[in-house]
Amino acid sequence: PQARVVAVDGPSGSGKSTVSKRLASALGSAYLDTGAMYRAAALAALRSGVDLADKDAVAEAVRTAKLELGTTPGDPFTRLDGEPVDAEIRGAEVTGAVSAVAGVPAVREHLIAEQRRIIAEAGAGIVVEGRDIAEVVAPDADLKVYLYADELERARRRSAENDTDVSATAADIARRDAADSKTTKPLEAAAGAVAIDTTHLGIDAVVGRMLALLSNGE
Ligand code: C5P
């Protein structure tokens, strides 16, 4: 049978990274963090010094950069031009620039082609997380899940992770949701996606639900 593809979409703080890695480990499949790809692309644009409003220059900077994604769920990594950038792509500078870079159509085209190549080559199946996976990247996925949570809970999770102030984090999340909404639909479930509210659900419960959906052949 063909390798199984699971699409996990949702906004920042919905729990999708933690859940996706855990699900991939449970399934013995690969894991792809497409947000890390957009973040590394934003870092490439920042490092090249181009004006982020110059879409052609941004796209060219991203196309000439070398992105490498580690897809083992227990040890995912992102490299830019051979250098590990896992910490830097989570920093404030990249987080502030990523929506603009992800909004450049030629950047998306380039990264989506790369994502589809990684998915096609994942022999043991793959869990792919992002914003547009069910709708655009892998519409034929075997399972599509949309994870969401209350805004305050999402801000609490992010601020605990990054050791930042909850209200500043909430403002930052709201800003990024609004900016991303011009490009993808971070606050909407795609057609055919199972929506799971993670506000009051633990990670194990969410992963358990997804495993049940997969074994029911949904
Ligand atoms: O998931 P994460 O918060 O790391 O994603 C970072 C950013 O990358 C998002 O805010 C969005 O701008 C962009 N993104 C996207 N499409 C995806 C995944 C992420 O546009 N599939």
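Residues numbered from 1 in each chain as written. Predicted model: local features only at pLDDT ≥ 70, side-chain atom pairs only at ≥ 80, totals over all residues. Heavy atoms only, no water.

- The chain is annotated in an unreviewed UniProt entry as Cytidylate kinase from Actinorhabdospora filicis.
- Its UniProt record gives the chain a comment under Sequence similarities (unreviewed entry), which states: "Belongs to the cytidylate kinase family. Type 1 subfamily."
- Taken from UniProt, the Subcellular location (unreviewed entry) comment for the chain reads in full: "Cytoplasm". (UniProt positions renumbered as here; feature names shortened; annotations may be inferred.)

## Topic: the overall build of the chain
Then step 1. Each helix and strand in the chain was counted, giving nine helices and eight strands.
Then step 2. The globule rule puts the C-alpha radius of gyration for 218 residues at 17 Å, and the 16 Å found for the chain is close to it.
Then step 3. Dimensions along the principal axes, computed over C-alpha positions, put the chain at roughly 50 × 40 × 30 Å.
Then step 4. By residue count, 46% of the 218 residues in the chain fall in the buried class.
Then step 5. As presented, the chain carries roughly 10,300 Å² of accessible surface, and 50% of it is formed by carbon and sulfur atoms.
Then step 6. Charge-centre separation for the chain: the mean point of 25 positive side chains lies 2 Å from the mean point of 34 negative side chains. (Helix = DSSP H or I, 4+ residues; strand = E, 2+ residues; numbered from the N terminus. Rg over C-alpha atoms; globule rule 2.2 N^0.38 Å. Buried < 20%, exposed > 50% of the residue type's maximum accessible area, 1.4 Å probe, protein only. Areas by Shrake-Rupley, 256 points an atom, 1.4 Å probe, with all protein chains shown as cover. Lys, Arg positive; Asp, Glu negative; His and termini not counted. Charge placed at Lys NZ, Arg CZ, Asp CG, Glu CD.)

## Describing helix 2 (residues 34-48)
Then step 1. Under the 1.5 Å per step criterion, the end-to-end length of helix 2 is 21 Å for 15 residues, consistent within 8% with the ideal 21 Å.
Then step 2. In terms of burial, helix 2 is largely enclosed, as eleven of its 15 residues are buried.
Then step 3. What helix 2 keeps buried is the set Thr-34, Ala-36, Met-37, Tyr-38, Arg-39, Ala-40, Ala-41, Ala-42, Leu-43, Ala-44 and Ala-45.
Then step 4. Capping the start of helix 2 is the job of one residue whose side-chain oxygen sits 3.1 Å from the backbone nitrogen of Gly-35: Asp-33.
Then step 5. Looking one or two residues beyond helix 2, the residue adopting positive phi is Gly-49, at roughly 80 degrees. (Expected span 1.5 Å × (residues − 1). Polar contact = N/O pair within 3.5 Å; in protein donor to acceptor, adjacent residues only side chain to side chain.)

## Structural notes on the site of the ligand
Then step 1. Arg-39, Arg-108, Asp-132, Arg-176 and Asp-180 are the nearest of the 15 residues found near the ligand.
Then step 2. At 2.8 Å from an oxygen atom of the ligand is found a side-chain nitrogen or oxygen belonging to Arg-108.
Then step 3. Here the ligand loses 97% of its free accessible area of 460 Å² to cover by the protein chains.
Then step 4. Mapped by element, the contributors of at least two residues to the shell around the ligand are helix 2, helix 4 (92-102) and helix 8 (166-180). (Near = heavy atom within 4 Å.)

## Quick notes on the pairing of strand 1 (residues 5-9)
Then step 1. Of all five residues in strand 1, five are buried; the element is thus mostly enclosed.
Then step 2. Residues Val-5, Ala-7 and Asp-9 of strand 1 are buried on one face, and the alternating residues Val-6 and Val-8, pointing to the opposite face, are buried as well.
Then step 3. Strand direction decides the pairing type here: strand 1 and strand 6 (residues 126-130), joined by five bridges, are parallel. By the bridge assignment for strand 6, Ala-7 is matched with Val-128. (Pairing = 2+ DSSP bridges.)

## Comments concerning the sheet that holds strand 7 (residues 143-148)
Then step 1. Read across the open sheet, the five strands follow the order 2-6-1-7-8; overall the sheet is parallel. Because the sheet does not close on itself, it has two edges, and the strands there are strand 2 (30-33) and strand 8 (194-197). Along the sheet, successive strands turn relative to each other by an average axial angle of 20 degrees, direction set aside.
Then step 2. Summarising the sheet, strand 1 and strand 7 pair through four bridges and their orientation is parallel. For Ala-7, the partnering residue across the bridge sits in strand 7 and is Lys-144.
Then step 3. Packed on one face of the sheet, helix 5 (residues 105-121) meets strand 1, strand 2 and strand 6 and runs near 160 degrees to strand 6. (Axes fitted to C-alpha atoms, helices over the stretch in contact; angles between N-to-C directions. Contact = heavy atoms within 4.5 Å.)

## Quick notes on the UniProt feature "binding site: ATP" (unreviewed entry) in the chain
Then step 1. In the UniProt entry, the feature "binding site: ATP" (unreviewed entry) is given for Gly-10, Pro-11, Ser-12, Gly-13, Ser-14, Gly-15, Lys-16, Ser-17 and Thr-18.
Then step 2. Among the secondary structure elements, Gly-10 is positioned in the loop between strand 1 and helix 1 (16-27).
Then step 3. Judged by relative accessible area, Gly-10 falls into the buried class, the value being 2%.
Then step 4. Residues within four places of Gly-10 in sequence aside, it is in contact with Lys-16, Gly-130, Arg-131, Tyr-146, Leu-147 and Pro-186.
Then step 5. What makes Ser-14 buried here is its relative accessible area of 1%.
Then step 6. Once residues lying within four places of it in the same chain are set aside, the contact partners of Ser-14 are Leu-147, Tyr-148, Arg-154, Arg-157 and Thr-198.

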